[in-house]
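# Notes for the structure review
Spelled out from the first residue to the last, the chains are:
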Amino acid sequence: MADDKSKSPADASTIWGGRFEAGPDAVMEAINASIDFDQRMYAQDIAASQAHARMLANQKIISTDDADAIIAGLDTIRSEIEASSFEFSRALEDIHMNVEARLTELIGDAAGRLHTARSRNDQVAVDFKLWARAALDAMDGDMQALQSALLDQAEAHAASVMPGMTHLQTAQPVTLGHHLMAYVEMVGRDRGRAADCRARLNESPLGAAALAGTSFPIDRDATAAALEFDGPARNSMDAVSDRDFAMEFLAFASILSVHLSRLAEEYVIWCSAQFSYARLGDAFSTGSSIMPQKRNPDAAELVRGKAGRVIGALHGLMIVMKGMPMTYGKDMQEDKEPVFEATETLQLCLAAMTGMLGDTKFNTDRMAADAGTGFSTATDLADWLVRVLGMPFRQAHHVTGAIVKLAEDKGCGLEGLALSDMQGVEAGITADIFEVLGAENSVNSRTSFGGTAPGNVRAAVAAARKRFLD
C-alpha cells in the first residue's frame, strides 16, 4: 500500500536491501550524504526518470499503468519541491533516493519498478549533464548581456582617445572603444568554448546502468531524444565514469573568470585618483569605515578576487579525477559542488561587470591628455621615416630613438620639438612630420583591419552586434 512506510527506502537500513542489516554510523552518514547540494538537480532527476519510465513501458519492460503512476507521482514530487513542502532527508543520501522514497510513499510498489535497467551511476551522470547543459545555456545569455554593455560603451567612445599600454607603460594612442572591443572578442571566445563544451557533453549516459549496460531490451535512443541529447553515449563504462564535461565546464569557467578579472583590474586602476579615467556610481562603489573621502570600486575588486575560487574549482576536480580507475568511485561525488559554486560565482560576476559598465562615466578629457604622454607617437614617427623617406625600419627605429632622447632632454613631447631639432638628427625630415605626431592623428591613421581608427571601431561594433547579439 502507498501508506505502508515499512516498504519505503526512507529507512536507512533498507537503502541497500538485504546486504546490510543496520544503518550507517552518523559519521558515515555525514560524509556520504550529498543531498545538501545535489538537491538542486531535482528537476533534471525527475525529467530523466520520467523519460526512463516512458521508455520502459514502450519496451513492455513495465506496464503502462505503472509508468503512468510513476510519471504522475514524479509530477507531484516536483510540485512539492517547488512549493518548498518536500522534506529532504540526509539519511537517504542524495536527490535520487529522496525522490524514490517519496515516490514509494505516493504510489507504493510501482515506484520500485522505476529503477529497472538503470543504476545511480548512470542516473547521476545524466542528471549532472542535464544540469550543466542548462547552466551553460543560462550563462551564454549572461555573457551576451556583458557583450551588449561593452558594445554600447565602445560605440559611444569609438573616437575617445586614451593611452594604449604595454607593461602598464604608455605605448601608443588608442581609442577607448577599441580597448573595450578587445573584451567583446574575449567574451566571444568564451561563448565559443561554452558552446563546444555543451556539444561534447550532449550524449546521454542513461541506460549504461552501473557500468556494463543491461540485459533488458531498453531503447537508449528514445531516452536520449526525450531528454534532447544528440544520442546515447557509445560506451557504458565511459558513460558512467566520464567527468570530462565537468572539467571542461570548469576550464571554460576559469578562462572566463580570468577575462573578467582582467577587466576588473583595469577598472580598479582607472577608478584610482592617480588615473581618474573612470568613475563608478554609488550602486557599485563602497566607502571606508574610517576614511570618509574614500570611494572604492569594491565590485571590481570582488570580481577580480572571485576568479581564484573558479580556478581553484577546476584544479580541485582535476586532482579528484586524476587517480580514478575505471569506472565509478564515490570520489566522484566531489564533482558537483565545484561546478555548482563556480556557476553561481560566475553568474554573479557577469551581472556585476555588466552593471558596472552601464554605471560608468569615463573621463575622456583625462584620457586624451594622457594619450600623448610617454612619447606615444614614436612609432608613428618611425613609420613616417619608412613611408616618406624610404628608410629601412631598423634605421628608422634608431633615428626615432635619438629624437625621443632629444625630446626627453628638452623636457617636451615629440610634437614640442622644433623642426630644426629633428633635422639635426635626420636632415630629410620635413614639416609634414607634425601631421603624425598628435595622439588623435595617430589613432586616425591606424586603419588596418583590426586597428584602432574610429571608423574601424564603429564598423567593428556593427559587425559584432550581428555576430554576437542577433
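Everything in this summary refers to the structure shown in the same document. (Residues numbered from 1 in each chain as written. Predicted model: local features only at pLDDT ≥ 70, side-chain atom pairs only at ≥ 80, totals over all residues. Heavy atoms only, no water.)

Another aspect to go through is the side chain of serine 236. Take serine 236: it is sitting in helix α9 (residues 236-241). Engagement of the side chain of serine 236 in a polar contact is seen with the backbone oxygen of leucine 211, the distance being 2.7 Å. (Helix = DSSP H or I, 4+ residues; strand = E, 2+ residues; numbered from the N terminus. Polar contact = N/O pair within 3.5 Å; in protein donor to acceptor, adjacent residues only side chain to side chain.)

This part covers unusual backbone geometry. Note the cis peptide between methionine 326 and threonine 327, where omega equals 0°. For threonine 327, the position within the fold is in the loop between α11 (298-322) and α12 (336-359). A positive phi angle is found at leucine 168, which is not glycine, with a value near 60°.

Attention now goes to the state of the cysteines. Two cysteines form a disulfide when their sulfur atoms are joined by a covalent bond. Within the structure shown, the criterion is met by 0 disulfides. Looking at cysteine 197, it has no disulfide partner, and the nearest cysteine sulfur is the one in cysteine 349, 19 Å off. (Disulfide = S-S within 2.5 Å.)

Once that is clear, we can look at the packing of aromatic side chains. Tallying each qualifying case throughout the model produces 8 aromatic pairs. Aromatic pair phenylalanine 86 and phenylalanine 88: ring centres 4.8 Å apart, planes at 55°, arrangement tilted. Residue phenylalanine 86 is classed as buried on the basis of its relative accessible area, which comes to 11%. A centroid spacing of 5.1 Å and a plane angle of 80° characterise the contact between phenylalanine 275 and tyrosine 277, whose relative ring orientation is edge-to-face. What makes tyrosine 277 buried here is its relative accessible area of 2%. Over the ring of phenylalanine 229 we find arginine 133; its NZ or CZ atom is 5.0 Å from the centre of that ring. (Phe/Tyr/Trp six-rings, centres within 6.5 Å; stacked < 30°, edge-to-face > 60°. Buried < 20%, exposed > 50% of the residue type's maximum accessible area, 1.4 Å probe, protein only. Lys NZ or Arg CZ within 6 Å of the ring centre and 35° of its normal.)

Here we come to the packing of helix α3 (residues 42-58) against helix α6 (residues 120-156). In contact at an axis separation of 9 Å, α3 and α6 are set at 120° when each is read in the N-to-C sense. In terms of orientation, α3 and α6 fall into the oblique class. Relative to α6, α3 is oriented so that their crossing is right-handed. Of α6, the residues touching α3 (which contributes Gln44, Asp45, Ala48 and Ser49) are Gln123, Val126, Asp127, Leu130 and Trp131. (Axes fitted to C-alpha atoms, helices over the stretch in contact; angles between N-to-C directions. Parallel < 35°, antiparallel > 145°, perpendicular 65-115°, else oblique. Left-handed = near helix turned anticlockwise from the far one by under 90°. Contact = heavy atoms within 4.5 Å.)

At a minimum axis separation of 8 Å, helix α7 (residues 176-201) and helix α10 (residues 244-270) run at an interaxial angle of 170°. When the interaxial angle is binned, α7 and α10 end up roughly antiparallel. Every pair of crossing elements has a handedness; the one defined by α7 and α10 is left-handed. Facing α7, whose interface residues are Leu176, His179, Tyr183, Met186, Asp190, Arg193, Ala194, Asp196, Cys197, Arg200 and Leu201, α10 presents Phe245, Glu248, Phe249, Phe252, Ile255, Leu256, His259, Arg262, Leu263, Glu266 and Trp270. Taken together, the residues that form the contact of α7 with α10 break down as 13 nonpolar, 2 polar and 7 charged. (Nonpolar A, V, L, I, M, F, W, Y, C, P; charged D, E, K, R; others polar.)

What follows covers the pairing of strand β1 (residues 161-166). As paired elements, β1 and strand β2 (residues 169-175) share 6 bridges and run antiparallel to each other. The partner of glycine 164 across the bridge, within β2, is glutamine 172. Counting the residues between successive antiparallel strands, the hairpin from β1 to β2 contains 2 residues, one of them, histidine 167, with a positive phi of roughly 60°. (Pairing = 2+ DSSP bridges.)

With that settled, the discussion passes to the side chain of histidine 157. Its place among the elements puts histidine 157 in the loop between α6 and β1. Judged by its relative accessible area of 13%, histidine 157 is buried.

Taking 1.5 Å of rise per residue, 12 residues should cover 16 Å, and helix α14 (residues 378-389) covers 16 Å from first to last C-alpha, within 8% of that figure. Regarding α14, the residues found buried are Ala378, Asp380, Leu381, Ala382, Trp384 and Leu385. Just past α14, the residue glycine 390 takes up positive phi, approximately 70°. (Expected span 1.5 Å × (residues − 1).)

Moving on, we get to the nonpolar core. In terms of nonpolar packing, the biggest core is built from 73 residues, with Phe249 and Leu260 touching the most fellow members. At the level of secondary structure, the elements contributing two or more residues to this core comprise α6, α7, α10, β5 (278-280), α11, α12 and α18 (454-469). Here the element with the most residues in this core is α10; it accounts for 15 residues. The contacts of phenylalanine 249, once residues within four sequence positions are left out, are Ala132, Ala135, Leu136, Met139, Cys197, Val339 and Thr343. Grouped together as the second largest cluster of nonpolar side chains are 23 residues, Leu56, Ile62, Ile95 and Ile218 included. (Core = buried A, V, L, I, M, F, W, Y, C linked by side-chain atoms within 4.5 Å.)

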